[in-house]
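Working through the structure, step by step
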Amino acid sequence: MVPELARLSFESDGGVELAHVAGEVDASNVEDLTTQLLQGVSNQSQAVVLDLTETSYIDSSGISLIFDAAARMKNRRQQLRLVVSPKSFVSEVLAAVSMGDSVPIDPAVDQAIRAATGTS
């Protein structure tokens, strides 16, 4: 069975854009994903929640995508938050590069949305 390359889909929840990534993120598709992500996010959104719970694999190019997206969002005065399943491969990779020091990581989409909007 050939692994599935990543698919990116969007939905909005108030002032928060949800970007869901399913499949594998690697050097073969990271450029397309970066373009889709940056074009898919409105300048009016206060925050972007990047849901990686259905992401089965991420390599260094995917890590770079997240750091780059976080910097671009910050320049646009927007917040980037990640949603990652605890104890998953992606969670381990992000922990290895101390991603949580730069981008907030939440275990569930609803928690990320509440944190991004400041609601409880």
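Check the entry above for the structure.
Residues numbered from 1 in each chain as written. Predicted model: local features only at pLDDT ≥ 70, side-chain atom pairs only at ≥ 80, totals over all residues. Heavy atoms only, no water.

Another point: the overall build of the chain. Broken down by element type, the chain carries 4 helices and 5 strands. Reading the secondary structure of the chain in the N-to-C direction produces β-β-α-β-α-β-α-β-α. The C-alpha atoms of the chain give a radius of gyration of 13 Å, which matches the 14 Å a tight globule of 120 residues would have. With respect to the three principal axes, the spread of C-alpha positions in the chain is 40 × 30 × 25 Å. (Helix = DSSP H or I, 4+ residues; strand = E, 2+ residues; numbered from the N terminus. Rg over C-alpha atoms; globule rule 2.2 N^0.38 Å.)

The subject of this paragraph is the side chain of Asp51. Here Asp51 is to be found in strand 3 (residues 47-58). It is Arg7 that comes nearest to the buried, bridge-free Asp51 among opposite-charge side chains, at 11 Å. Beyond its immediate chain neighbours, meaning those up to four positions away, Asp51 contacts Ala19, His20, Val21, Val83 and Val109. (Buried < 20%, exposed > 50% of the residue type's maximum accessible area, 1.4 Å probe, protein only. Lys, Arg positive; Asp, Glu negative; His and termini not counted. Salt bridge = Lys/Arg side-chain N within 4 Å of Asp/Glu carboxyl O. Contact = heavy atoms within 4.5 Å.)

Close contact between helix 1 (residues 30-40) and helix 2 (residues 60-75) brings their axes to 10 Å; oriented N to C, the two are set at 25 degrees. Taken together, the axes of helix 1 and helix 2 lie roughly parallel to each other. Crossing hand, helix 1 versus helix 2: right-handed. Where helix 1 abuts helix 2, its residues Val30, Leu33, Thr34, Leu37 and Leu38 lie against Ser61, Gly62, Leu65, Asp68, Ala69, Arg72 and Met73. (Axes fitted to C-alpha atoms, helices over the stretch in contact; angles between N-to-C directions. Parallel < 35°, antiparallel > 145°, perpendicular 65-115°, else oblique. Left-handed = near helix turned anticlockwise from the far one by under 90°.)

Under the defined criterion, the tally for this structure stands at 1 aromatic pair. Each ring, one from Tyr57 and one from Phe89, has its centre 5.5 Å from the other, and the planes form 10 degrees; the classification is stacked. Of this pair, Tyr57 sits in strand 3 while Phe89 sits in helix 3 (residues 89-96), placing them 32 residues apart in sequence. A relative accessible area of 32% means that Tyr57 is categorised as partly exposed. (Phe/Tyr/Trp six-rings, centres within 6.5 Å; stacked < 30°, edge-to-face > 60°.)

Per the stated rule, a full pass over the model turns up 1 cavity of 30 Å³ or more. Taken as a whole, the largest cavity encloses approximately 90 Å³ of empty space. Lining of the largest cavity is provided by Leu8, Val21, Val25, Leu33, Leu37, Leu50, Leu52, Ile58, Gly62, Leu65 and Ile66. Only strand 2 (16-25), helix 1, strand 3 and helix 2 provide two or more residues apiece to the lining of the largest cavity. The class makeup of the residues in the lining of the largest cavity is 10 nonpolar, 1 polar and no charged. (1 Å grid on protein atoms, 1.4 Å probe; cavity = no way out; pocket = protein on both sides within 12 Å on 5 of 7 lines; lining within 4 Å. Points joined across faces, edges and corners; volume = space filled by probe spheres on them. Nonpolar A, V, L, I, M, F, W, Y, C, P; charged D, E, K, R; others polar.)

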